[in-house]
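One-letter residues, chain by chain:
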Amino acid sequence: AENVTFDRDVSRLIQEIEAEADALLERRLGASNGSRSWSARFGARRLYEDNDNDNDNDNDNDKDEEAHAQESTDQDAGGAVNASLESVNTSELGWMSVLQKASAASVRLTPYPHLVIYDALPPTLYNKLAAGFPSIKTIMSANGNKRMANNFRYDISATKARGRLNALWSKFVNYHTSNEFFKEVVRVFGPGIRKQRPDVEKLRKRKLEALGVHTRYRKKSNSELAIDCQVGMNSPVRVRSRHGVRGPHVDAKKEVWGALLYFRQPKDTSTGGALQVFKCKGKCRQVPEREKRKRGMLRGYHQQFDHADLNLVATVPYKRNTLVWFINSDTSVHSVTSRSVTHFRFSNFVLVGVYVQYGSRRLVNFWGGYD
């Protein structure tokens, strides 16, 4: 009897903590009124979630792809942002940052600077974002309502977000394209950028901390860096490719960093979609097009490096609320593994930083010349 009473008291206490944490978060989402520590905002929620394996929090997300798409469509229609994104005070949104659990010490510098964080966002915030992730219909509308191809990338960039994302997602995107967020990037990745991309400071003759940023494509600016966020997906897989979502490659030369935050759905049991980090066995050398056929490689942009020339260093699984971030250069070779046939999409939030040459507005090519 004593045990039953104790269990009942604990259960009641958990419910009270949950209610208080939810009320606090709702006030935060409605009007961000100053910054507080992560533990102060989400600590009570974390107390029972860590011991309950997030079972209660999965209720809102535990649905199949079709139901999720309909839910997101309804939220898109009812929660679209009416105010200008620029009206949001980003200095008060640091509690949304994907880097709030990161530090410079957590960045692995070899084979190139990269970072992996599991449970990157507080569970309550992540679950609310996941529940409001834009539907396939909304994402396709931002891409001209084209016919959806097999396992193909579609996204909503920051400049296309207005009117397509709900209020929480709009704030989330707006913060991650702000000067305040760039300060966090420098805090965490400053040493890595200086190691892997010394051109960023050298060409401008200014320290990273003094560089300005603006949202990519939004407006003309004298800022040296353009930041973009893309809420997007790879479409469902009808036919599996043995070559993977994307073979070993490096990103566009103008990009200083790339990152993904995964929004895998609870019922998605498909395999693949993992990001792989590679180290070149010798000097990193992209395989010329004329050699790819001889090596049995796909021609074109899909694969730039041969697996035979690489050593696999790390594999980051496609797992919900997982952040993977890397500094891009001619040696930052990575790939995305093949996905199994599935009606689920590959949902993620992508962040990129693009270097812009002051004055000419041309994008600097780190390996010489211009893109």
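Residues numbered from 1 in each chain as written. Predicted model: local features only at pLDDT ≥ 70, side-chain atom pairs only at ≥ 80, totals over all residues. Heavy atoms only, no water.

Quick look at the overall build of the protein
Right, on to step 1. Across its full length, the protein carries nine helices and eleven strands.
Right, on to step 2. Looking at the protein residue by residue over its 371 residues, the buried ones come to 52%.
Right, on to step 3. Intrachain contacts of the protein at a sequence separation of at least 6 include 80% that bridge at least 24 residues.
Right, on to step 4. Of the roughly 17500 Å² that the protein leaves accessible, carbon and sulfur atoms contribute 50%. (Helix = DSSP H or I, 4+ residues; strand = E, 2+ residues; numbered from the N terminus. Buried < 20%, exposed > 50% of the residue type's maximum accessible area, 1.4 Å probe, protein only. Contact = heavy atoms within 4.5 Å. Areas by Shrake-Rupley, 256 points an atom, 1.4 Å probe, with all protein chains shown as cover.)

Topic: helix 7 (residues 179–196)
Right, on to step 1. Look at helix 7: only 22 Å from first C-alpha to last across 18 residues, short of the 26 Å you get at 1.5 Å a residue.
Right, on to step 2. For helix 7, the principal kink sits at Phe189 and spans about 75°; a proline, Pro191, occurs within the next four residues.
Right, on to step 3. Residues Phe181, Phe182, Glu184, Val185, Val186, Val188, Phe189, Gly190, Gly192, Ile193 and Gln196 constitute the buried set of helix 7. (Expected span 1.5 Å × (residues − 1). Bend = angle between axes of the 7 residues up to and from the residue.)

A closer look at the pattern of salt bridges
Right, on to step 1. Taken as a whole, this structure holds eleven salt bridges when the rule is applied.
Right, on to step 2. Among the ionic pairs, Glu209 bridges to Arg194, the shortest N-O distance being 3.0 Å. Of this pair, Glu209 sits in the loop between helix 8 (199–204) and strand 3 (213–215) while Arg194 sits in helix 7, and the two are 15 residues apart along the sequence.
Right, on to step 3. On the accessibility criterion, Arg194 (32% relative accessible area) is partly exposed.
Right, on to step 4. Among the salt bridges present, the one from Arg295 reaches Asp309, with a minimum N-O distance of 2.9 Å. (Salt bridge = Lys/Arg side-chain N within 4 Å of Asp/Glu carboxyl O.)

As for the nonpolar core
In summary, soluble globular proteins display a tendency toward joint burial of nonpolar side chains.
Right, on to step 1. Grouped together as the largest cluster of nonpolar side chains are 57 residues, with contacts concentrated most on Val98, Leu99, Trp169, Phe189, Trp257, Trp325 and Phe349.
Right, on to step 2. With seven residues, helix 7 is the largest single contributor of residues to this core.
Right, on to step 3. If near-sequence neighbours (up to four positions away) are discounted, Phe349 is found in contact with Trp169, Phe172, Val173, His176, Cys229, Gln230, Val231, Ala259, Leu260, Leu261 and Phe263.
Right, on to step 4. Counting 13 residues, the second largest nonpolar core, distinct from the first, contains Tyr262, Tyr318, Phe326 and Val350. (Core = buried A, V, L, I, M, F, W, Y, C linked by side-chain atoms within 4.5 Å.)

Let's talk about helix 4 (residues 123–131)
Right, on to step 1. The buried count for helix 4 comes to eight of nine residues, which makes it a mostly enclosed element.
Right, on to step 2. All of the buried residues in helix 4 are Pro123, Thr124, Leu125, Tyr126, Asn127, Leu129, Ala130 and Ala131.

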